[in-house]
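# Geometric and topological summary
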Amino acid sequence: MAHIATTLYRRIVRPLMFLLSPDNAHSLVVNILAVSGRIPGVSAVVGVLLTRRHRTLETEWKGMKFSSPVGLSAGLDKNGQIVPMMRALGFGFSEVGSVTAEPCKGNDRPWFYRLPKTGSLVVHVGLANHGVKKILERLHAMPEKIQNNYPTILSVARTNSEDASGVEEGIVDYVTSIKAAKKSPAIQMVEVNISCPNAFGGQTYTTPELLDKLLAAIDKVKLKKPLFIKMPIDLSWPKTKKLLDVAVTHGVTGVTMSNLTKQREKVEFLEPLPDSVKGGLSGAPLRERSTELVAKTYKAYGDELIIIGVGGVMSADDAYDKIKAGATFVELVTGLIMKGPFIEELNSGLVELLKKDGYSHISEAVGAGR
Ligand SMILES: Cc1cc2nc3c(=O)[nH]c(=O)nc-3n(C[C@H](O)[C@H](O)[C@H](O)COP(=O)(O)O)c2cc1C
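Reading the values: rules and limits
Within each chain, residue numbers correspond to sequence positions counted from 1 in written order. Per-residue local features are limited, in this predicted model, to residues with pLDDT of at least 70; the limit for side-chain atom pairs, both in listing and counting, is 80 or more; totals at the level of whole chains, interfaces and linings are taken over all residues. In computing side-chain values, all of the structure's heavy atoms are included and hydrogens and water are not. In this description a helix means any DSSP run of H or I spanning at least four residues, a strand means any run of E spanning at least two, and both kinds are numbered starting from the N terminus. Radius of gyration: over C-alpha atoms. The globule rule applied is 2.2 Å multiplied by the number of residues raised to the 0.38 power. Partly exposed describes any residue whose relative accessible area lies between the buried limit of under 20% and the exposed limit of over 50%, with all areas from a 1.4 Å probe on protein chains only and scaled to the type maximum. Here a residue-residue contact requires only that any non-hydrogen atoms of the pair lie within 4.5 Å. Note on areas: Shrake-Rupley with a 1.4 Å probe; residue coverage comes only from the protein chains shown. Here Asp and Glu are counted as negative and Lys and Arg as positive; His is not counted, and neither are the chain ends. For the purpose of locating charges, the reference atoms are NZ of Lys, CZ of Arg, CG of Asp and CD of Glu. Directions are taken from the helix axis to each C-beta atom, and the arc is the one they span. When we say a residue is near a molecule or strand, we mean one of its heavy atoms is within 4 Å of it. Definition of a polar contact: a pair of N or O atoms within 3.5 Å, with one able to donate and the other able to accept a hydrogen when the atoms are protein atoms, and with sequence-neighbouring residues admitted only if both atoms are side-chain atoms. Here an axis means a line fitted to C-alpha atoms, over the contact stretch when the element is a helix, while the angle between two N-to-C directions is reported on a 0 to 180 degree scale. Our angle categories are set so that under 35 degrees counts as roughly parallel, over 145 as roughly antiparallel, 65 to 115 as roughly perpendicular, and the remainder as oblique. Less than a right angle of anticlockwise turn of the near helix away from the far helix marks a crossing as left-handed, whereas a clockwise turn marks it as right-handed. By convention, a stacked pair of Phe, Tyr or Trp rings (six-membered ring in the case of Trp) has centres within 6.5 Å and planes under 30 degrees apart, an edge-to-face pair has planes over 60 apart, and any other such pair is tilted. Only lysine NZ and arginine CZ atoms are considered, and such an atom sits over a ring when it is within 6 Å of the ring centre and within 35 degrees of the ring normal. Only buried residues count toward a nonpolar core. Its members are Ala, Val, Leu, Ile, Met, Phe, Trp, Tyr and Cys residues joined through side-chain atoms within 4.5 Å. Patches here: salt-bridge-free residues with over 30% relative accessible area, like charges joined within 9 Å, nonpolar side chains (Val, Leu, Ile, Met, Phe, Trp, Tyr) joined within 5 Å. Any Lys or Arg side-chain nitrogen found within 4 Å of a carboxyl oxygen on Asp or Glu counts as a salt bridge.

## Some remarks on the overall build of the protein
For the protein, the helix and strand inventory stands at 13 helices and 13 strands. Over its C-alpha trace the protein gives a radius of gyration of 19 Å, about what one expects of a compact globule, namely 21 Å for 370 residues. Structurally, the protein occupies a C-alpha span of about 50 × 45 × 45 Å along its principal axes. The burial tally for the protein puts 57% of its 370 residues in the buried class. Sequence-distant contacts in the protein: of pairs separated by 6 or more residues, those separated by 24 or more amount to 75%. Carbon together with sulfur atoms contributes 56% to the accessible area of the protein, which is approximately 16000 Å² in total. For the protein, the centre of its 46 positive side-chain charges and the centre of its 37 negative side-chain charges are spaced 4 Å apart.

Put into structure tokens, the structure is as follows:
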């Protein structure tokens, strides 16, 4: 059944979507998923039809149960509208956000530009979201079964406005959202997004000094939920390492490797990208670079940091590569947009790959070497 859904998406839905502008297609899909997820029974039926249980992928970590190590990365469910449907598609966990303390309209449209041959999207959203208060209220309206049993990460960023662009104001902004996440029963983990490439004031907290200041303020919240940092992809390894040293000093749980790239010169484009199109690139161009970062981080900090690997995951092989490089969890966004509801396919593929390598559980493959 899952195979039929993916084929239908590729043959019918995707070509229709490509008739719409990427911005309209994106809004339409999110609205359809949001509305269908609110109709009682729909997500349960989708789940039964599209997914299977894979015991070799099931993990218990810090009291949470993950049906798969593969989750939805930040950016598709900015406003916490599609959690039930993402669970139904076979994701083991979801990110909501990035959310900010204040509602934010984001950048002027267009927000997206498709590069289908390159396997990438150019993203220039600028942290548009309804604000942490409204988004958490929406999540709290979900059935308790989902709130309690489906691990959800709140990705927190700084409001994209001039008011929050100073160092101190930015910290207050992050802390406001993290305090709200601390109290929320629908949020099991928090991710601090320091690497949005499209926000007012740039990536302020990607220096060791300022990251230290931000984390010192977050320490005072006493979150008591796992805390991840969403890392930039465009920094050199020595600079990345300095940030990781700071993260470890503050006892951060883990890091998510990595966000969008702005370094277009490093991308092998399979179609033209006009200079007038603004934004960071997702998808296939990040695949190798993010996996390399995962491998280096695992080697240097494997005992201290849990790694979520993200960037260009379009298949079970891509996910497995990140896991063998050292990622405990893997995420994707662009793969879902480009390939449709293929998560069950990805999960079954992972099971096959584990079997082929003689592993009886996914945890045995983490950091086993590429
Ligand atoms: C449409 C879109 C919106 C995104 N928005 C966010 C965001 O709000 N916060 C964030 O941390 N990352 C954001 N990202 C980055 C993704 O979470 C992810 O790190 C990156 O796209 C690499 O994964 P992928 O290749 O599977 O897309 C966004 C990506 C896309 C494609």
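Text resumes after the structure shown.
## What to know about helix α3 (residues 42-50)
Residues S43, V46, G47 and L50 constitute the buried set of α3. When α3 is viewed along its axis, its buried side chains cluster within an angular range of 100 degrees and face the same direction. Where the residues of α3 are buried, they touch α1 (2-17), α4 (83-89) and α13 (343-356).

## A word on the site of the ligand
Surveying the vicinity of the ligand reveals 22 residues, the closest of which are S73, A74, S98, G312 and T334. K78 is positioned such that a nitrogen or oxygen atom in its side chain is 2.9 Å from an oxygen atom of the ligand. Contacts to the ligand include G312, whose backbone N or O atom sits 2.8 Å from an oxygen atom. Protein contact buries 98% of the 600 Å² of open area that the ligand shows by itself.

## With respect to the packing of helix α8 (residues 208-219) against helix α9 (residues 237-249)
With their axes 9 Å apart at the nearest point, α8 and α9 run at an angle of 25 degrees to one another. Regarding the angle of α8 to α9, the classification is roughly parallel. Handedness of the α8/α9 crossing: right-handed. Contact with α8, carried on its side by P208, L211, D212 and L215, involves K242, L243, V246 and A247 of α9 and no other residues of that element.

## Description of the packing of aromatic side chains
The way to describe two aromatic rings as a pair is by their centre distance and the angle between their planes. Tallied over the full model, the rule gives 8 aromatic pairs. Where W61 meets F228, the ring centres are 6.2 Å apart and the plane angle is 50 degrees; that geometry is what we call tilted. Of this pair, W61 sits in strand β1 (residues 59-61) while F228 sits in strand β9 (residues 227-231), and the two are 167 residues apart along the sequence. Assigned by exposure class, W61 and F228 land together as buried. Seen in terms of ring centroids, F66 and F93 are 5.7 Å apart; in terms of plane orientation they differ by 80 degrees. Their pairing is edge-to-face. With F66 in strand β2 (residues 64-66) and F93 in strand β4 (residues 93-99), the pair connects residues that are 27 residues apart, well separated along the chain. An aromatic cluster is defined as three or more aromatic residues linked by ring pairs; in this entry it consists of W61, F66, F93, F228 and F329. Between R109 and the ring centre of W111, over which it is positioned, the NZ or CZ distance is 3.4 Å.

## Quick word on the nonpolar core
Core analysis: the largest hydrophobic core is formed by 84 residues, its most contacted members being M86, F91, L154, I229, L332 and L336. When residues of this core are assigned to their parent elements, the largest contribution, 6 residues, is made by α13. Non-local contacts of L336, meaning those with residues more than four positions away in its chain, are made with Y9, L72, L76, M86, L89, F91, P341, F342 and I343. One finds F66, F93, I153 and I308 within the second-largest nonpolar core, a separate group that totals 9 residues.

## A closer look at a positive patch on the surface
Taken together, the side chains of K179, K182, K183, K222 and K224 define a basic patch exposed on the protein surface. Mapped onto the fold, K222 is located in the loop between α8 and β9.

## A closer look at the pattern of salt bridges
Counting across every chain of the model gives 10 salt bridges. Note that D23 is salt-bridged to R109, the shortest N-O span being 2.9 Å. With D23 in helix α2 (residues 22-38) and R109 in the loop between β4 and β5 (112-115), this pair connects stretches of sequence that are 86 residues apart. Owing to a relative accessible area of 7%, D23 belongs among the buried residues under this scheme. Through salt bridges with shared partners, a single ionic network connects E288, D321 and R370.

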